[in-house]
Amino acid sequence: MKKTALVIMAAGLGSRFGGGIKQLAKLGPSGEIIMDYSIHDALEAGFDKIVFIIRKDIEADFREIIGNRIEKLAKCEYAFQELDKLPEGYSVPEGRNKPWGTAHALIQVRDLIDCPFAVINADDFYGKEGFRLIHEYLVNEMDEDKPVFDMCMAGYIVGNTLSDNGSVNRGVCVMGEHGYLHEIDETYDIMRQPDGRLMGKDAKDQPVEVDGNAIVSMNMFGLPKRFLDTLVENFPAWLDQHGKEMKSEYLLPQEISRLMLEGKATVKVLKDHDRWFGVTYQEDKEAVQKSLRELVDQGVYPEKLFN
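Residues numbered from 1 in each chain as written. Predicted model: local features only at pLDDT ≥ 70, side-chain atom pairs only at ≥ 80, totals over all residues. Heavy atoms only, no water.

Please explain the packing of helix 1 (residues 34-45) against helix 4 (residues 128-140) as it appears in this structure.
A pair of packed helices is captured by two measures, namely the crossing angle of their axes and the spacing between those axes. Relative to each other, helix 1 and helix 4 sit at 40°, their axes nearing to 9 Å. For helix 1 against helix 4, the interelement crossing comes out right-handed. Of helix 4, the residues touching helix 1 (which contributes Ser 38, His 40, Asp 41, Ala 42, Glu 44 and Ala 45) are Lys 128, Phe 131, Arg 132 and His 135. When its residues are assigned to classes, the contact of helix 1 with helix 4 shows three nonpolar, three polar and four charged. (Axes fitted to C-alpha atoms, helices over the stretch in contact; angles between N-to-C directions. Helix = DSSP H or I, 4+ residues; strand = E, 2+ residues; numbered from the N terminus. Left-handed = near helix turned anticlockwise from the far one by under 90°. Contact = heavy atoms within 4.5 Å. Nonpolar A, V, L, I, M, F, W, Y, C, P; charged D, E, K, R; others polar.)

Listed below in structure tokens is the structure:
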């Protein structure tokens, strides 16, 4: 069987979580963190290797809280996203401390990946279905030799991805034929209104209504290995255009969208019916703990994920 890897992006600053390292918050009944559930579901689905993208300054805490445990269950490797990891001839603008974004994070795993892989956020709970769907696609359907990049993504129903504690930004999927993605429409500040409607803002800050059954991207993609080469090749041109900005980010969804528009990639949307939840706000913590407790009580997960 074709080998597969799971890449977990855990280098975010967690600024909206009150300054703490939100990826390492203990939320499960036996002290599990959200990543524990993602890793459990990925290994159950058949992924062979876990690659963590972290920052050097959290490495000791990260290994103590999760890395050392997971290394006993699966092959694990580490990549480090740092501000100064830039192509030759480029430098960090004075005063910038914001990471360069998810596409820049993925560049750091280029030398660690030798097979098709899935990529997820560290602080999101995705549920079992997404890992199963993407693994099956990587193993049974992905054509790595296709002239255009053959990609997939788990598509979540937007109503299953909201927070009760504030607005969220979502990439709303515009669907094409045969279950393929046409484009991702970035929509901001989405909240459920008292009348039940979902309202957000478009890129021009204009109010828009969002269909409650719309499919959204939650940064859970299945990608071919050679896509990493393209991210590396395109990064200097992106820096030429945006590198002197303080908050610009080289983002994975935007790069995938650009390749789609150029006819260089196709993305099969794998509809996922699980409820997504994450710790966007400090106030989300209690709700996530309750949701995980309910899943354990329902028998979806054991009381203790890893013995």
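Looking at this structure, I do not really get the pairing of strand 11 (residues 215-223). What am I missing?
Strand residues, when the strand is regular, have side chains that alternate between the two faces of the sheet. Burial analysis of strand 11 places nine of its nine residues in the buried class, the great majority of the element. Of the two faces of strand 11, both are covered, the one formed by Ile 215, Ser 217, Asn 219, Phe 221 and Leu 223 as well as the one formed by Val 216, Met 218, Met 220 and Gly 222. Examined bridge by bridge, strand 4 (residues 117-121) and strand 11 share three bridges and lie antiparallel to one another. By the bridge assignment, Val 119 is partnered in strand 11 with Phe 221. Sheet analysis places strand 7 (residues 168-175) next to strand 11, joined by two bridges and oriented antiparallel. Bridge assignment links Gly 171 to a residue of strand 11, and that residue is Ser 217. (Buried < 20%, exposed > 50% of the residue type's maximum accessible area, 1.4 Å probe, protein only. Pairing = 2+ DSSP bridges.)

How should I be thinking about the confidence of the model for the protein chain in this particular structure?
Caution applies to low-pLDDT regions: their predicted coordinates should not be interpreted in detail. Overall, the predicted model of the protein chain reaches an average pLDDT of 90, with 95% of residues at or above 70. Contacts from residues 13-19, a stretch scored under 50 in pLDDT, to residues over four places away or in other chains number 16 contacts. (pLDDT = per-residue confidence, 0-100.)

Can you walk me through the side chain of Thr 230 in this structure?
Take Thr 230: it is sitting in helix 5 (residues 227-242). Residue classification places Thr 230 among the buried positions, given a relative accessible area of 12%. Each residue touching Thr 230, except ones within four places of it in the same chain, is listed here: Phe 149, Tyr 250 and Leu 259.

I keep staring at the nonpolar core and nothing clicks. Help me out?
A general trend in soluble globular proteins is that nonpolar side chains are found buried together. In terms of nonpolar packing, the biggest core is built from 59 residues, with Leu 6, Ile 8, Met 35, Phe 52, Phe 62 and Ile 134 touching the most fellow members. Of all hydrophobic cores here, the second largest spans 41 residues; its members include Val 7, Leu 86, Leu 106 and Leu 239. (Core = buried A, V, L, I, M, F, W, Y, C linked by side-chain atoms within 4.5 Å.)

Please clarify how helix 2 (residues 59-70) should be interpreted in this entry.
Turn by turn, an α-helix covers 3.6 residues, leaving residues three or four places apart pointing in a common direction. Between its terminal C-alpha atoms helix 2 stretches only 14 Å, short of the 16 Å expected from 12 residues at 1.5 Å a residue. When we look at burial in helix 2, the residues that qualify are Glu 59, Phe 62, Ile 66, Gly 67 and Ile 70. For helix 2, the angular spread of buried residues about the axis comes to 105°, placing them on one side. Opposite the buried face of helix 2, at more than 90 degrees from it, the exposed residues are Ala 60 and Glu 64. Here the buried face of helix 2 lies against helix 1, strand 2 (49-54) and strand 3 (75-80). (Expected span 1.5 Å × (residues − 1). Arc of directions from axis to C-beta.)

It is not clear to me how unusual backbone geometry should be interpreted in this structure. Could you clarify?
In terms of backbone geometry, most residues other than glycine have negative phi values and most peptide bonds are trans. Phi is positive for His 178, which is not a glycine, with a value near 60°. Among the residues examined, His 178 registers a relative accessible area of 67% and is labelled exposed.

Quick question: what am I supposed to make of helix 1 here?
Its 12 residues place the ends of helix 1 17 Å apart at the C-alpha level, agreeing with the 16 Å of an ideal helix rising 1.5 Å per residue. Most of helix 1 sits out of view: nine of its 12 residues are buried. Taken together, the buried positions of helix 1 are occupied by Ile 34, Met 35, Asp 36, Tyr 37, Ser 38, Ile 39, His 40, Asp 41 and Ala 42. One or two steps after helix 1, the chain reaches Gly 46, where phi turns positive at roughly 120°.

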